[in-house]
Amino acid sequence: MGGDLSVERLLDAYNLGIFPWYDASEPILWWSPDPRMVLFPENLKVSKSMRQLIKKEVFQVTYNQDFMAVIENCAVIKRDGQNGTWITQQIKDAYLKLHHLGIVQSVEVWQNDELVGGLYGIYLKEKKVFCGESMFAKVSNASKYGFIRYVRKLKAEGVSLIDCQIYTEHLKSLGATEIPRKEFLDYLK
């Protein structure tokens, strides 16, 4: 608990398997869940219906073209079982700095020139790990489409692990699995 969201502290935290997660009424809280939800890119599951959408190019995907729109949408999208958001103005400002440094990456999903989905996270290039932070969809399958395309891109770049942080059925359906924190931390060494 505590500290700040400086570039240095955030990089140190992610390199140690720790991430901030709190709301505006709380001090900065730091987390390192056990178990940890991860996706090994080679285990990505793409359903038949998603393969058809990708083949038809139903959406267009860009990378790092509109990070602020992605994080703003992630902050306001309604989520089942959650009141409010952990994406405070302080988080937005800190991650924008990391984005300008090329550390935070965004994926934008477009349909008819409208942003309909996206995701962002920390790319630890030297460790070949991407740490997903948040995703949103305004249209069915938009974030899943962007996630699948980005996982394939990361796999081609040699990324060996995608940190999904905590368990969700959605991520499990895409091939993510839980591993012990110790095993996750070994990937970061």
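Structure's up top.
Predicted, not measured: the structure shown is a model, and the values here were computed from it.

Trainee: Lay out the side chain of Ser-143 with the relevant residues and their values.
Mentor: Looking at the element boundaries, Ser-143 is found in helix α5 (residues 142-156). Residue classification places Ser-143 among the buried residues on the basis of a relative accessible area of 10%. Excluding residues within four positions of it along the chain, Ser-143 makes contact with Gly-118, Leu-119, Met-135, Phe-136 and Ala-137.

Trainee: Tell me about the packing of helix α1 (residues 7-15) against helix α4 (residues 89-100), and name the residues and values.
Mentor: Relative orientation of the contacting elements α1 and α4 amounts to 80°, with a least axis distance of 10 Å. Between α1 and α4, the angle falls in the class roughly perpendicular. On α4, the residues touching Val-7, Leu-10, Leu-11 and Tyr-14 of α1 are Ala-94, Tyr-95, Lys-97 and Leu-98. Along the lines of polarity and charge, the residues of the contact of α1 with α4 split into seven nonpolar, no polar and one charged.

Trainee: I'd love a proper account of the pairing of strand β3 (residues 36-39), names of residues and values included.
Mentor: Every second residue of β3 is oriented toward a common face, with Arg-36 and Val-38 on one face and Met-37 and Leu-39 on the other, all of them buried. Summarising the sheet, β3 and strand β9 (residues 177-179) pair through three bridges and their orientation is antiparallel. For Val-38, the partnering residue across the bridge sits in β9 and is Thr-177. Sheet topology places β3 next to strand β8 (residues 161-165); three bridges connect them, and they run antiparallel. Bridging across to β8, Leu-39 finds its partner in Ile-162.

Trainee: Could you give an account of the nonpolar core, naming the residues involved and the relevant values?
Mentor: Counting residues in each nonpolar core, the largest one holds 35 residues, and the members touching the most others are Tyr-14, Ile-87, Tyr-95, Tyr-120 and Ile-122. Breaking this core down by element, the ones donating at least two residues are α1, α3 (67-76), α4, β5 (104-111), β6 (114-124), β7 (129-137) and α7 (181-188). It is α3 that provides the largest number of residues to this core, a total of five residues. Residues contacting Tyr-14, with those up to four places away along its chain left out, are Phe-19, Pro-20, Tyr-95, Ile-122, Leu-124, Cys-131, Glu-133 and Leu-188. Counting 28 residues, the second largest nonpolar core, distinct from the first, contains Val-61, Tyr-150, Val-151 and Ala-176.

Trainee: Hey, could you go over the pattern of salt bridges for me, with residue numbers and the actual values?
Mentor: Enumeration over the complete set of coordinates arrives at six salt bridges. Glu-72 serves as the salt-bridge partner of Lys-92, at 3.0 Å between the closest nitrogen and oxygen. Here Glu-72 lies in helix α3 and Lys-92 lies in helix α4, a separation of 20 residues in the sequence. A salt bridge links Asp-186 to Lys-189, with the shortest nitrogen-to-oxygen separation between them at 3.5 Å. Residue class for Asp-186 comes out partly exposed when judged on its relative accessible area of 37%. Overall, Lys-189 belongs to the exposed group, its relative accessible area being 79%. Via salt bridges that share partners, Lys-182, Asp-186 and Lys-189 belong to a single interconnected network.

Trainee: How would you summarise the state of the cysteines if you had to cite specific residues and measurements?
Mentor: By the definition in use, this model includes zero disulfides. Note on Cys-74: no disulfide assigned, nearest cysteine sulfur contributed by Cys-164 at a separation of 14 Å. Judged by relative accessible area, Cys-74 falls into the buried class, the value being 1%. No disulfide involves Cys-131; its nearest neighbouring cysteine sulfur is the one of Cys-164, lying 9.8 Å away.

About the criteria used
- Within every chain, residues take consecutive numbers counted from 1 along the sequence as written.
- Local features in this predicted model are restricted to residues of pLDDT 70 or higher, and side-chain atom pairs are both shown and tallied only at a pLDDT of 80 or more, whereas totals for entire chains, interfaces and linings draw on every residue.
- In computing side-chain properties, one takes all heavy atoms of the structure into account and sets aside hydrogens as well as water.
- Labels follow the DSSP assignment, with helices taken as runs of H or I lasting at least four residues and strands as runs of E lasting at least two, numbered in each case from the N terminus.
- When a residue's accessible area, from a 1.4 Å probe over protein chains only, is under 20% of the maximum for its type it is buried; when over 50% it is exposed; and in between it is partly exposed.
- It only takes one pair of heavy atoms within 4.5 Å for two residues to be counted as in contact.
- Note on method: axes are straight lines fitted to C-alpha atoms, helices fitted across the in-contact stretch only, with angles between N-to-C directions ranging 0 to 180 degrees.
- We call two directions roughly parallel when the angle between them is under 35 degrees, roughly antiparallel when it is over 145, roughly perpendicular when it lies between 65 and 115, and oblique otherwise.
- Note on residue classes: Ala, Val, Leu, Ile, Met, Phe, Trp, Tyr, Cys and Pro are nonpolar, Asp, Glu, Lys and Arg are charged, and everything else, Gly too, is polar.
- In this description, strands pair whenever DSSP reports at least two bridges between them.
- Joining through side-chain atoms within 4.5 Å is the link that ties buried Ala, Val, Leu, Ile, Met, Phe, Trp, Tyr and Cys residues into a set, and such a set is a nonpolar core.
- One side-chain nitrogen of Lys or Arg within 4 Å of one carboxyl oxygen of Asp or Glu is enough to make a salt bridge.
- Criterion for a disulfide: a pair of cysteine sulfur atoms at a distance within 2.5 Å.

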